[in-house]
Amino acid sequence: MSMNIKVNTFTQSIFETTLPINNKLYSKIKKQKLKKHEELQSTYNTNIDKTLFNEIKNYLQEYINTVGKILSKEKNIIDYMWFQKYFISDYHNIHCHSIDSNKYSFILYVDCGIKSGDTRFVNIGYPHVQLNEHRVKPIKGKCLIFLGAIPHESIPAKDNKKLIVSGNICYQ
């Protein structure tokens, strides 16, 4: 007897590119004052200078637009942005940025070393169901865009170099 079985698969994507290094912009980011949190230093919940926000937005815009085309979205808005610095043993516990289907997030690695902690992504539904994980090695200039609902974390750093810009994008 022959049985017709249809297989339906769905996945979540992590878009990744390496942008040309903009030393002038990266230098401005490195000069930002960060607040010490339990796990790391960050500007989260602090307003970023509007001029610097727009410089970073312009630096990322072509990449964000290109990902939008892949997602069949015509418009996008970066609605929040922050900086994070990791020293030895600093980490960022597993978290999500949003549960909305049109909300994406980005991570731009501004500085890092070979001992900087990876970014680890796990499947939606974690920790109740753990099916898979994906690790990204920090590389200066690398930028990731991913659905904000994907749980992710920064593995503890073994150096004092990792500096990222992170933010949320609303695709429409």
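Our structure's up above, just so we're on the same page.
Right, let's walk through the structure included here. (Residues numbered from 1 in each chain as written. Predicted model: local features only at pLDDT ≥ 70, side-chain atom pairs only at ≥ 80, totals over all residues. Heavy atoms only, no water.)

## Focus: the overall build of the protein chain
Move 1: Within the protein chain one finds two helices and 11 strands.
Move 2: Here the C-alpha radius of gyration of the protein chain, 17 Å, is about what a compact globule of 172 residues would show, namely 16 Å.
Move 3: The C-alpha extent of the protein chain, read off along each of the three principal axes, is 70 × 35 × 25 Å.
Move 4: The buried share among the 172 residues of the protein chain stands at 46%.
Move 5: Across the protein chain, every contact between residues at least 6 apart in sequence was considered, and the portion connecting residues at least 24 apart equals 86%.
Move 6: Of the roughly 10300 Å² that the protein chain leaves accessible, carbon and sulfur atoms contribute 51%.
Move 7: In the protein chain, 24 positive and 15 negative side-chain charges are present, and the distance between their average locations comes to 4 Å. (Helix = DSSP H or I, 4+ residues; strand = E, 2+ residues; numbered from the N terminus. Rg over C-alpha atoms; globule rule 2.2 N^0.38 Å. Buried < 20%, exposed > 50% of the residue type's maximum accessible area, 1.4 Å probe, protein only. Contact = heavy atoms within 4.5 Å. Areas by Shrake-Rupley, 256 points an atom, 1.4 Å probe, with all protein chains shown as cover. Lys, Arg positive; Asp, Glu negative; His and termini not counted. Charge placed at Lys NZ, Arg CZ, Asp CG, Glu CD.)

## Brief notes about the pairing of strand β11 (residues 163-171)
Consecutive side chains along a regular strand alternate between the two faces of the sheet.
Move 1: Counting buried residues in β11 gives nine out of nine residues, a clear majority hidden from the surface.
Move 2: On β11, burial covers both faces: L163, V165, G167, I169 and Y171 on one face and I164, S166, N168 and C170 on the other are all buried.
Move 3: Inspection of the sheet shows strand β4 (residues 76-85) paired to β11 by nine bridges, in the antiparallel sense. What sits directly across from W82, in β11, is S166.
Move 4: In terms of strand pairing, strand β6 (residues 103-111) meets β11 through eight bridges, oriented antiparallel. The partner of L108 across the bridge, within β11, is V165. (Pairing = 2+ DSSP bridges.)

## Thoughts on the sheet that holds strand β1 (residues 14-18)
Whenever strands of a sheet pair, they do so through backbone hydrogen bonds, lying parallel or antiparallel.
Move 1: Spatially, seven strands are ordered β1-β9-β6-β11-β4-β3-β2 in an open sheet, and the strand pairing comes out antiparallel. Across the chains shown, the open sheet's two edge strands, defined by having one partner strand only, are β1 and β2 (35-36).
Move 2: Here helix α1 (residues 23-30) sits on the sheet in contact with β4, β6 and β11, set at roughly 95° to β6.
Move 3: Contacts between helix α2 (residues 50-70) and the sheet are confined to β1, β4, β6, β9 (142-147) and β11, with β4 contributing the most and set at about 120° to the helix. (Axes fitted to C-alpha atoms, helices over the stretch in contact; angles between N-to-C directions.)

## Points about the packing of α1 against α2
Helix-helix packing is described using two parameters, namely the angle between the two axes and the distance between the axes.
Move 1: Where α1 contacts α2, the two axes come as close as 11 Å, and the packing angle between them is 140°. Taken as axis vectors, α1 and α2 run oblique relative to one another. Handedness of the crossing formed by α1 with α2: left-handed. Listed contacts from α2 to L25, Y26, K28 and I29 of α1 are L52, E55, I56 and Y59.
Move 2: For the contact of α1 with α2, a count of residues per class yields six nonpolar, no polar and two charged. (Parallel < 35°, antiparallel > 145°, perpendicular 65-115°, else oblique. Left-handed = near helix turned anticlockwise from the far one by under 90°. Nonpolar A, V, L, I, M, F, W, Y, C, P; charged D, E, K, R; others polar.)

By themselves, these are just geometric observations and shouldn't be taken as functional.
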